[in-house]
Amino acid sequence: MHFETPLEFLESRTYDEINVGDSSSLVRTLRPEDVKLFALMSGDMNPALANAEFSHSGVFQDFIAHGMWCASLLSTMLGTQFPGPGTVMVESSLHFARPVAIGDTITVTVTVGQKFARNRHIVLDCNCHNQDHLLVVSGSAEVLAPREKIITKRKAMPEITISDKYARLQVLVSRAAGLAPIDMAVVHPCDRESLKGALLAAEAKLIEPILIGPEQRIRAVAEENGLDLKDYRIVNCKHSHESAAMAVTLIRSGDAEALMKGSLHTDELMAEVISSSSGLRTGRRISHVFLMDVPTYPRPIMITDAAVNIAPTLMEKVDIVQNAIDLAHTIGTPEPKVAILSAVETVNAKIQSTLDAAALCKMADRGQIKGGLVDGPLAFDNAVSLVAAKTKGIVSAVAGRADILVVPDLESGNMIAKQLEYLANALSAGIILGARVPIVLTSRADSAETRLASCVIAALVAHATRAKQAPA
């Protein structure tokens, strides 16, 4: 007799109910999170688990399963299905025939081979096959079968979210694979994180850094932190103000095609960028976009503007929205869903942000904003949660699915971004758009990895700009 997995209840088979030849099976597919959870639970981070093809990729999901993952499936079978609750493992012998890779579907089958009435022991033949019917694990297990039948309601397992920021960073870096490094002016990298971030981006072949600032101080930071400056170009400047001015000069002369803020104040850099006589202005309003990979959200999400425009007007918001839509196109989202945020999802004459949202939506309808689906006003909850949107009766292609969050002002946007980064372990990248070149603008408290992530976005934008400017 073959026993199937019960759906709502766990039910044991007693020794007397089991016959030689009886069998049961269960099916499981190996997911990346299974490998991670098993490694975290056991402490086994064996590098031999990486497929040879991916051994240097640094991306965890390319790993194969621990051999004992399949053994744990046998334990699951014996303890919950056949014989079921009350079963005690006495002895097992397993042979591991071949590895199990991410995405493999394993069928575990146990068949009763022997019964021993004197001690209620049962010997089961155990086999695990993959989706190609190839044997993965074989062996036997001797168990003490339950004396009495046990029927218990199956308990729902808790949901577990694995937040592997390093793996998400590697996925982001892979977006720029195959692109030539861009020349980036790194302004005043005079602390560990800003210098390390630039060097990490260089090692990832995203940028060719031009380090601008007091040369002796830059070299001292590198030596103190064991950072190799190699033969990277250093432009010696006396102080941060001079460094910012020199960086803008290099951009205007064509010696660099992107900027990266180091350890100077944002105001110092942006004063040079927006200078009417010698800056990097275009016809578009300059604005900032956070690109965030949040573990609990199904796709990357942008937040704008949370760093440059303090209290933007309606017409300034038009450019802010368009800048973000253009960035979405650059990173591969052809028709981003844009949520114009407010405290409420209905137009209220006493709340200016709701009036702006309604106007922006109409402007999108009329083609004054192009390339995205724009809706608002939307409160934060119904912009990112389908459940919240449905509960409030909102019928919208954007609600619950937003790719871009347009905030009412800098304060609200900065709070959202920082909360996601520090409370939700979001991977964050920051970029300024609307200038002649992309500008990596990060907080002085940001890690080197955040700066590396931002350089990925800058590289993608710079290459997209090259493509637009290339002759047809």
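Residues numbered from 1 in each chain as written. Predicted model: local features only at pLDDT ≥ 70, side-chain atom pairs only at ≥ 80, totals over all residues. Heavy atoms only, no water.

1. Remarks on unusual backbone geometry
Of the consecutive residues Phe82 and Pro83, the connecting peptide bond is found in the cis state with omega at 0 degrees. Structurally, Pro83 can be placed in the loop between helix 2 (67-80) and strand 4 (88-96). A cis geometry characterises the amide bond from Gly376 onward to Pro377, with omega recorded as 5 degrees. Along the chain, Pro377 falls in strand 16 (residues 373-378). Despite not being glycine, Arg120 shows a phi value in the positive range, around 60 degrees. Its place among the elements puts Arg120 in the loop between strand 5 (105-116) and strand 6 (121-129). Within the chain, Lys205 stands out as a residue other than glycine whose phi angle is a positive 65 degrees. Inspection of the secondary structure puts Lys205 in the loop between helix 4 (192-203) and strand 10 (207-213). (Helix = DSSP H or I, 4+ residues; strand = E, 2+ residues; numbered from the N terminus.)

2. Observations regarding the nonpolar core
Residues Met184, Leu195, Leu327, Ile369 and Ile457 are the most contacted members of the largest nonpolar core, which totals 61 residues. At 10 residues, the largest contribution of residues to this core is made by helix 13 (residues 448-469). With sequence-adjacent residues up to four places away left out, Leu327 is seen in contact with Val289, Met302, Ile431, Leu433, Ile457 and Val461. In terms of nonpolar packing, the next biggest core, distinct from the first, is built from 28 residues, Phe82, Val112, Cys128 and Ala141 among them. (Core = buried A, V, L, I, M, F, W, Y, C linked by side-chain atoms within 4.5 Å. Buried < 20%, exposed > 50% of the residue type's maximum accessible area, 1.4 Å probe, protein only. Contact = heavy atoms within 4.5 Å.)

3. What about the pattern of salt bridges?
Counted by the stated rule, this structure contains 14 salt bridges. Across the salt bridge formed by Asp326 and Arg284, the nearest N and O atoms sit 3.2 Å from each other. Of this pair, Asp326 sits in helix 8 (residues 314-330) while Arg284 sits in the loop between helix 7 (266-273) and strand 13 (287-293), and the two are 42 residues apart along the sequence. Asp326 sits in the partly exposed class, given a relative accessible area of 26%. (Salt bridge = Lys/Arg side-chain N within 4 Å of Asp/Glu carboxyl O.)

4. Section: the packing of aromatic side chains
Across all of its chains, the model carries zero aromatic pairs by this definition. One residue, Lys115, lies across the ring of Tyr15, its end atom 4.2 Å from the ring centre. When the ring centre of Phe9 is taken as reference, the NZ or CZ atom of Lys153 above it lies at 5.3 Å. (Phe/Tyr/Trp six-rings, centres within 6.5 Å; stacked < 30°, edge-to-face > 60°. Lys NZ or Arg CZ within 6 Å of the ring centre and 35° of its normal.)

5. With respect to the sheet that holds strand 11 (residues 233-236)
Here 11 strands make up an open sheet; going across it, the order is 11-10-9-12-19-18-13-14-17-15-16 and the pairing mixed. With partners counted over all chains shown, the strands left at the sheet margins are strand 11 and strand 16, one partner each. In terms of strand pairing, strand 15 (residues 337-341) meets strand 17 (residues 404-406) through three bridges, oriented parallel. Bridge pairing in strand 17 places Ala339 opposite Leu405. Contacting strand 9 (182-187), strand 10 and strand 12 (258-261), helix 4 crosses the sheet at an angle of about 155 degrees to strand 10. (Pairing = 2+ DSSP bridges. Axes fitted to C-alpha atoms, helices over the stretch in contact; angles between N-to-C directions.)

6. Quick notes on the side chain of Asn382
Relative to the helices and strands, Asn382 resides in helix 10 (residues 380-384). On the basis of relative accessible area, Asn382 is assigned to the buried category, the value being 0%. Of the polar contacts made by the side chain of Asn382, one reaches the backbone nitrogen of Ala379; its length is 3.0 Å. For Asn382, the side chain forms a polar contact with the side chain of Asp381, separated by 3.3 Å. In this structure, Asn382 is in contact with Glu345, Ala388, Ala389, Lys392, Ile394, Ala399 and Gly400, ignoring residues within four places of it in sequence. (Polar contact = N/O pair within 3.5 Å; in protein donor to acceptor, adjacent residues only side chain to side chain.)

7. A short note on the environment of Leu420
With respect to the element layout, Leu420 can be found in helix 12 (residues 410-423). The exposure class assigned to Leu420 is buried, which follows from its relative accessible area of 17%. In contact with Leu420, not counting residues within four places along its chain, are Met292, Val294, Ile303, Asn425 and Ala426.

8. Details of the pairing of strand 13
Counting buried positions along strand 13 yields six of seven residues, so the element is predominantly enclosed. As paired strands, strand 13 and strand 18 (residues 427-433) are joined by seven bridges and run antiparallel to one another. Considered in strand 18, the bridge of Asp293 is made with Leu427. Two elements, strand 13 and strand 14 (residues 301-304), share three bridges in a ladder whose sense is antiparallel. Bridge pairing in strand 14 links Met292 to Ile301.

9. Overview of the confidence of the model for the protein
In this model, the protein carries a mean pLDDT of 88, and residues with pLDDT of at least 70 account for 93%. Below a pLDDT of 50 lies the segment residues 50-62, which in the model reaches 18 contacts outside its immediate sequence neighbourhood of four places, other chains included. (pLDDT = per-residue confidence, 0-100.)

10. Considerations on the packing of helix 8 against helix 9 (residues 352-365)
Running from amino to carboxyl end, helix 8 crosses helix 9 at an angle of 55 degrees, the nearest separation of the two axes being 10 Å. The angle between helix 8 and helix 9 falls in the class oblique. Crossing angle aside, the handedness with which helix 8 passes helix 9 is right-handed. When helix 8 is examined against helix 9, the residues Leu314, Met315, Lys317, Val318 and Val321 are found in contact with a partner set consisting of Ser353, Asp356, Ala359, Leu360 and Met363. When grouped by side-chain class, the residues that make up the contact of helix 8 with helix 9 number seven nonpolar, one polar and two charged. (Parallel < 35°, antiparallel > 145°, perpendicular 65-115°, else oblique. Left-handed = near helix turned anticlockwise from the far one by under 90°. Nonpolar A, V, L, I, M, F, W, Y, C, P; charged D, E, K, R; others polar.)

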